[in-house]
Amino acid sequence: MLQYLITQQHYFVLKLFSALGCGLIAGVFFAFSTFVMNALARLQSAQGITAMQSINITVINPLFMAVFLGTAAACILLTISSLLRWHQPGAAYLLLGSLLYLVGTFGVTIVFNVPLNEALARVEPDSSIGASLWSSYLANWTIWNHIRAAASLTIALCDRGA
């Protein structure tokens, strides 16, 4: 049924939106992996915590959330559609790319990065607990961000193959 609801033109737009969304998200995560977290690590812990707390608040904005969540929604539709269009060229790439975004980007964010952000939000930047948390936060959050960045970049290759 979904196969007939999504016309070829809608299918193209959905793939284009997904590819652009994955690329934008990959760029954000790449920036954090390559220089933002390194810059924050150079600050005193209280300053780094305050800066990251501010980033974590301001990232929840309509534009970023539309791209992040919209890409997840597009990937859900593309997962279903690729299964229904399995016989068409590129269906396997779309399925792989969509699942990789849903698990490696969206899923990692929800399961790992968001809980770390929530824990950081609860500490006072000038406290000893904050300083202790900050060092482990930097290491753990950055590792999971590297995974999100790698997944997002890989998705761009999968979308290109479709």
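Residues numbered from 1 in each chain as written. Predicted model: local features only at pLDDT ≥ 70, side-chain atom pairs only at ≥ 80, totals over all residues. Heavy atoms only, no water.

(A) Local environment of the packing of helix α2 (residues 8–41) against helix α4 (residues 62–84). Axis separation between α2 and α4 bottoms out at 9 Å; the angle between their running directions is 135°. Between α2 and α4, the interaxial angle falls into the category oblique. α4 is crossed by α2, and the crossing has left-handed handedness. Residues Y11, L14, K15, F17, S18, G21, C22, L24, I25, V28 and F29 of α2 lie in contact with α4, whose contacting residues are F64, A66, V67, F68, G70, T71, A74, C75, L77, L78 and S81. (Axes fitted to C-alpha atoms, helices over the stretch in contact; angles between N-to-C directions. Helix = DSSP H or I, 4+ residues; strand = E, 2+ residues; numbered from the N terminus. Parallel < 35°, antiparallel > 145°, perpendicular 65-115°, else oblique. Left-handed = near helix turned anticlockwise from the far one by under 90°. Contact = heavy atoms within 4.5 Å.)

(B) Focus on the side chain of T79. Residue placement: T79 occurs in helix α4. Among the residues examined, T79 registers a relative accessible area of 12% and is labelled buried. Dropping the residues within four chain positions of it, T79 is found in contact with L95, S98, L99 and L102. (Buried < 20%, exposed > 50% of the residue type's maximum accessible area, 1.4 Å probe, protein only.)

(C) Highlighting the packing of α2 against helix α3 (residues 45–58). Running from N to C, α2 and α3 cross one another at 135°; their axes reach a closest spacing of 9 Å. With respect to α3, the axis of α2 lies oblique. Residues F32, M37 and L40 of α2 form the contact with α3, whose own contacting residues are G48, A51, M52 and I55. Residues that form the contact of α2 with α3 fall into these classes: six nonpolar, one polar and no charged. (Nonpolar A, V, L, I, M, F, W, Y, C, P; charged D, E, K, R; others polar.)

(D) Just α4, in detail. Relative to the 33 Å expected for 23 residues at 1.5 Å per residue, α4 spans 32 Å between its end C-alpha atoms, a close match to the ideal helical length. Every buried residue belonging to α4 is among F64, V67, F68, T71, A72, A74, C75, L78, T79, S81 and S82, and all of these are buried. For α4, the capping residue at the N-terminal end is N61, with a side-chain oxygen 3.1 Å from the backbone nitrogen of L63. (Expected span 1.5 Å × (residues − 1). Polar contact = N/O pair within 3.5 Å; in protein donor to acceptor, adjacent residues only side chain to side chain.)

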